[in-house]
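So the chains spell out like this:
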Number of protein chains: 2
Amino acid sequence: MNISLRQLEYFAAVAEWLSFRDAADACFVTQPGLSAQLKDLERLLGVQLFERSQRTVLLTPAGETLLPLARNILTATDEFVDLARSLTQPLTGTLRLGVIPTVAPYLLPKTLPALRQRYPQLQVRLHEDLTHRLLEMLSHGKLDLLLVALEADLGNVSTLALTTDPFVVAVPARHRLAKRKRVTESDIAGEQVLLLDDGHCLRDQALAVCHTSGASEIGDFRASSLNTLVQMVAGGIGITLLPRLSLEVEVPQISQIVILPFRKPEPSRTIGLVWRTTSPRAHEFQLLAELLVP
Amino acid sequence: MNISLRQLEYFAAVAEWLSFRDAADACFVTQPGLSAQLKDLERLLGVQLFERSQRTVLLTPAGETLLPLARNILTATDEFVDLARSLTQPLTGTLRLGVIPTVAPYLLPKTLPALRQRYPQLQVRLHEDLTHRLLEMLSHGKLDLLLVALEADLGNVSTLALTTDPFVVAVPARHRLAKRKRVTESDIAGEQVLLLDDGHCLRDQALAVCHTSGASEIGDFRASSLNTLVQMVAGGIGITLLPRLSLEVEVPQISQIVILPFRKPEPSRTIGLVWRTTSPRAHEFQLLAELLVP
DNA sequence: TCGTATGATAAATTTTATCTATGAATATTT
DNA sequence: AAATATTCATAGATAAAATTTATCATACGA
């Protein structure tokens with residue numbers, strides 16, 4: 001058997017009171033119980049800690065030497081428990097957040113400062129990557145939470161939808177549709193659509209829209225960012241689909257680009273949070289969601 | 001209930017192996033036992049330490065934060081036990097030794113250096129005082145061991161006789177007995193004997209010799225040390241009784257003093273060790289005695 | 001789809017800690 | 001000096017805790 005914290009507590013108590021009886025009272029146990037524990041401790045250590053006569057209890061030199069160490073262990077244990085309890089306050093410490101590239105630049109500039117203000121104790125460490133890599137890191141415990149489009153195949157995870165992000169059509173100023181206020185999906189049938197690189201979930205979602213609308217991808221071209229797509233459209237190369245979320249950042253006020261919303265039901269993606277189903281921080285993520293979509 | 005060292009051990013083990021099964025093996029318990037303990041620990045802390053899925057075990061951020069503290073507690077505990085075990089080596093640390101004034105100057109100059117050489121780890125702290133004060137300090141735990149004459153009334157203590165210290169008679173060079181080689185107790189009948197102050201056990205022992213031999217104390221005179229007595233004898237004021245132990249130091253080779261041993265059975269005092277019956281160091285004192293009387 | 005991991009759970013069992021009652025020893029009080 | 005009260009230790013009974021055995025549900029890989 002091994003020594004126990006309880007034994008150290010009793011040791012410290014008797015050292016303090018120099019009385020088994022008083023120490024037992026202070027520890028809310030009976031005196032024989034405390035005596036037994038100390039006897040055991042002394043047996044385990046191979047050292048007598050106290051010198052008992054019926055009338056007096058004295059610390060032996062060994063006891064004197066060991067007492068400060070015992071006290072240290074006990075206070076370290078208290079600190080351990082205190083720290084643990086303080087960790088129960090939600091959204092403190094570190095949050096490793098994975099975000100996809102078609103969301104990060106448009107959502108985070110607004111939300112991160114708000115997050116910092118509401119939960120100043122929370123340290124957010126960002127990682128921007130494609131959905132499948134984020135999922136991998138999530139499952140390996142390298143990330144705590146993802147901010148992605150929920151349309152992708154995410155596997156067995158917990159999700160929480162935050163917001164619906166509709167697609168819009170971006171066409172060059174001189175495009176045949178440029179005068180329209182809105183479009184339906186069938187309006188872009190036959191169009192050459194510029195899309196993102198492989199791996200971007202936005203590519204897959206836009207591709208799905210193309211399929212249902214009868215548009216087709218411009219062969220041989222893959223943009224690595226929405227910004228590139230916008231540049232291409234402005235250059236008159238073709239049209240593209242953009243998430244409305246990105247417009248404020250990516251599309252300048254006056255430009256050679258015209259933005260056309262879809263008529264309802266508009267195609268859209270869903271931005272949401274993703275975490276391991278086994279994560280103990282689910283409730284924290286709920287709180288965080290409340291802040292992200294007020 | 002409170003957290004236990006066992007729980008911290010299991011915590012550290014699972015954190016190391018990232019597997020409940022392997023950790024359980026490493027701790028020589030079954031997996032359910034370990035699981036139960038960790039569940040309890042998490043309940044007590046109010047914090048989940050591990051994130052379990054059937055396939056993987058991950059440290060939560062809280063677990064990550066708490067792990068180093070837990071490890072610290074465990075190593076501190078190991079050190080505590082190690083130190084305790086090392087204290088079982090006898091005659092290390094501090095020994096608070098009380099010695100009477102009629103022994104200290106004559107015995108210690110020889111024995112202390114020997115002690116220091118044999119037990120270099122032992123620190124001796126000396127206190128020189130009268131027997132009854134030494135006994136008081138002993139019973140109060142302010143001293144560990146006494147070196148006194150065992151003839152005194154010592155109360156309920158453990159004793160170990162070291163050596164017999166015979167009395168001798170010291171007479172002025174011109175005294176009627178000065179030509180004798182030896183004396184018997186009756187030889188000093190009627191003599192005026194110089195004695196120590198009240199409280200010195202040697203005074204009581206010498207007085208006892210006087211009573212049986214028919215000598216009497218010189219009224220109104222009390223010496224505070226053997227040296228004073230010797231000076232008085234040298235001055236021809238009277239005779240005295242000295243412990244043979246003191247001769248080498250107190251009586252110069254050539255002097256106005258003649259030392260006369262008693263014929264057997266010579267009166268004597270017994271020098272010995274005294275400790276509380278309850279002291280756990282009794283065996284150490286035995287060892288020490290072996291060194292004092294080779 | 002089956003076999004083989006994993007961790008969780010339930011019940012039984014063993015171990016450990018505690019309590020009650022009591023004893024021996026020793027100061028203190030009468 | 002006897003009686004009293006207080007101390008810590010001990011023994012046996014009891015309560016509490018830890019552990020084991022047996023089993024389940026789940027997920028991964030062949």
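Here is what the cut-offs are and how they apply
Residues numbered from 1 in each chain as written. Chains lettered and ligands numbered in written order. Predicted model: local features only at pLDDT ≥ 70, side-chain atom pairs only at ≥ 80, totals over all residues. Heavy atoms only, no water. Near = heavy atom within 4 Å. Polar contact = N/O pair within 3.5 Å; in protein donor to acceptor, adjacent residues only side chain to side chain. Helix = DSSP H or I, 4+ residues; strand = E, 2+ residues; numbered from the N terminus. Nonpolar A, V, L, I, M, F, W, Y, C, P; charged D, E, K, R; others polar. Patch = residues over 30% accessible without salt bridge, like charges linked within 9 Å, V, L, I, M, F, W, Y side chains within 5 Å. Areas by Shrake-Rupley, 256 points an atom, 1.4 Å probe, with all protein chains shown as cover. Salt bridge = Lys/Arg side-chain N within 4 Å of Asp/Glu carboxyl O. Lys, Arg positive; Asp, Glu negative; His and termini not counted. Charge placed at Lys NZ, Arg CZ, Asp CG, Glu CD. Buried < 20%, exposed > 50% of the residue type's maximum accessible area, 1.4 Å probe, protein only. Least-squares fit on C-alpha atoms with pLDDT ≥ 70 in both. Contact = heavy atoms within 4.5 Å. Pairing = 2+ DSSP bridges.

**Q** I tried to follow the protein's contact with DNA strand D on my own but got confused; where do I start?
**A** Residues in close proximity to DNA strand D total 22 residues, the closest being F20, R52 and R55 of chain A together with R6 and T30 of chain B. Counting only the atoms of DNA strand D within 4 Å of the protein, the fraction contributed by sugar and phosphate is 71%. In the environment of DNA strand D, a phosphate oxygen lies 2.7 Å from a nitrogen or oxygen atom belonging to the side chain of R6 of chain B. A distance of 3.0 Å separates a phosphate oxygen of DNA strand D from a polar atom in the side chain of Y10 of chain B. Looking at the surface near DNA strand D, the elements that each hand over two or more residues are helix 2 (20-26) and helix 3 (31-45) of chain A together with helix 1 (5-17) and helix 3 (31-45) of chain B. By residue class, the composition of the surface near DNA strand D is 7 nonpolar, 9 polar and 6 charged.

**Q** Teacher, can you tell me more about a negative patch on the surface here?
**A** Residues and elements named next belong to chain A. A cluster of acidic residues, E9, D78, E79 and D82, forms a negative patch at the surface. Looking at which element gives the most residues to the negative patch, the answer is helix 4 (residues 61-87), with 3 residues. The residue D82 is located in helix 4 in this model. For D82, a relative accessible area of 52% corresponds to the exposed category.

**Q** What should I look at first to understand the relation of the copies chain B and chain A in this one?
**A** Two chain copies, one operation linking them: a rotation about an axis together with a shift along it. The two copies are related by a screw operation: chain B maps onto chain A through 180° of rotation and 0.1 Å of translation along the axis, at an RMSD of 0.1 Å. Here the two chains are linked by the operation of a two-fold rotation axis. When the interface residues of chain B are mapped onto chain A, 98% of them are again interface residues, pointing to one common binding face.

**Q** Whenever I open this one, the protein's contact with DNA strand C confuses me. Can you help?
**A** Among the 21 residues in the neighbourhood of DNA strand C, the closest are listed as R6 and T30 of chain A together with F20, R21 and R52 of chain B. By atom count, sugar and phosphate contribute 71% of the portion of DNA strand C lying within 4 Å of the protein. Separating a base nitrogen of DNA strand C from a side-chain N or O atom of Q31 of chain B is a distance of 3.0 Å. One of the side-chain nitrogen or oxygen atoms of K39 of chain B is found 3.4 Å away from a phosphate oxygen of DNA strand C. Going through the elements one at a time, helix 1 (5-17) and helix 3 of chain A together with helix 2 (20-26) and helix 3 of chain B are the ones with two or more residues in the surface near DNA strand C. Counting residues per element, the surface near DNA strand C draws most heavily on helix 3 of chain B, at 4 residues. Here the residues of the surface near DNA strand C sort into 7 nonpolar, 8 polar and 6 charged.

**Q** Quick question: what am I supposed to make of the pairing of strand 5 (residues 145-149) of chain B here?
**A** Side-chain direction in a regular strand flips from residue to residue, so the side chains alternate between the two faces of the sheet. Residue and element names in this part refer to chain B. For strand 5, the buried fraction is high: 5 of the 5 residues fall into the buried class. Relative to strand 5, strand 3 (residues 93-99) is paired through 3 bridges, and the arrangement is parallel. Residue pairing across strands places L97 opposite L145, the latter belonging to strand 5. As paired elements, strand 5 and strand 11 (residues 268-275) share 4 bridges and run antiparallel to each other. Across the sheet, V148 pairs through a bridge with G272, a residue of strand 11.

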